[in-house]
Amino acid sequence: MRIDVDPAHCDRDVFYRLMTATVVPRPIAWVSTTSAEGTDNLAPHSFFTISCVAPPVVQFTSVGRKDSLRNIEETGSFVVNFAPEPLFEQINATATDFPRGVSEFDAVGIAREPSLRVRPPRVAASPVALECELHSTVRLGDSTVVFGTVVHVAVAPDVMADGHPEVTRLAPLARLGKDEWGTLGEVREISRVPYARWQAGKA
């Protein structure tokens, strides 16, 4: 027997905890923005993925109207900084609900570096930064999906292997349910089976 849950008759926070505990692991967009007044903001968002390859577009969701969303609406740009395991505590600290006008870079003590194509700074210690210009937003209930066109990518050379970012060197963090986080763990490889080979194997 399964436990049946109807979201129409379930408390919003209870259903949120159910969703975030089952849609796992989730990559983290560590988003840096700059307000119209010039304050740099930095916050992790775990509803994050690739939307399109050509043109390159990524998306993250702001649950509620957070400073990241407000700043992007004001200025039209942001940076997705890769969230690596060694920066676990700093990433978590930037999720603190600092008042608007307080920079998480300064409050947490995170070094900046200038971006090449957009105004918001990059996290200096993050191995990969996706500099984005706002493509569009979509409001869905209490959340807003932010789509950003990637206009520049900066990658640290020490995470590269054979011209490609190597996942064990990247050491990605992921969000799970409750206050749980995940690390890379075991990496397994398997090639996709072309249909012609699949059919030949059945002959």
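Residues numbered from 1 in each chain as written. Predicted model: local features only at pLDDT ≥ 70, side-chain atom pairs only at ≥ 80, totals over all residues. Heavy atoms only, no water.

1. A few points about the packing of aromatic side chains
The full count for this structure, using the stated rule, is three aromatic pairs. Aromatic side chains Tyr16 and Phe47 sit 6.4 Å apart centroid to centroid with 40° between the ring planes, which places their arrangement in the tilted category. With a gap of 31 residues between them, Tyr16 in helix H1 (residues 12-22) and Phe47 in the loop between strand E3 (40-45) and strand E4 (48-52) connect regions that are remote in the sequence. When the ring of Phe60 is compared with that of Phe78, the centres are 5.6 Å apart and the planes differ by 75°; the resulting orientation is edge-to-face. Of this pair, Phe60 sits in strand E5 (residues 57-63) while Phe78 sits in strand E6 (residues 77-81), placing them 18 residues apart in sequence. (Phe/Tyr/Trp six-rings, centres within 6.5 Å; stacked < 30°, edge-to-face > 60°. Helix = DSSP H or I, 4+ residues; strand = E, 2+ residues; numbered from the N terminus.)

2. Section: the nonpolar core
By size, the foremost hydrophobic cluster in this structure holds 16 residues, and its most contacted members are Val58, Phe60, Phe78, Val80 and Leu130. Where this core is concerned, the elements lending two or more residues are strand E2 (29-34), E5, helix H2 (67-75), E6, strand E9 (128-140) and strand E10 (143-155). Not counting chain neighbours up to four residues away, the residues in contact with Phe78 comprise Val31, Ser32, Thr33, Phe60, Ile72, Val118, Pro120, Leu130, Glu131, Cys132, Val146 and Gly148. By size, the runner-up hydrophobic cluster in this structure holds 11 residues, among which are Ile91, Phe105, Leu173 and Trp181. (Core = buried A, V, L, I, M, F, W, Y, C linked by side-chain atoms within 4.5 Å. Buried < 20%, exposed > 50% of the residue type's maximum accessible area, 1.4 Å probe, protein only. Contact = heavy atoms within 4.5 Å.)

3. Things to note about the sheet that holds strand E13 (residues 174-175)
One open sheet accounts for three strands, arranged E1-E13-E14; its pairing is antiparallel. A single partner strand is all that each edge strand has here, and the edge strands are strand E1 (26-27) and strand E14 (181-182). The pairing of E1 with E13 spans two bridges and is antiparallel. Following the sheet pairing, Pro27 is matched in E13 by Ala174. (Pairing = 2+ DSSP bridges.)

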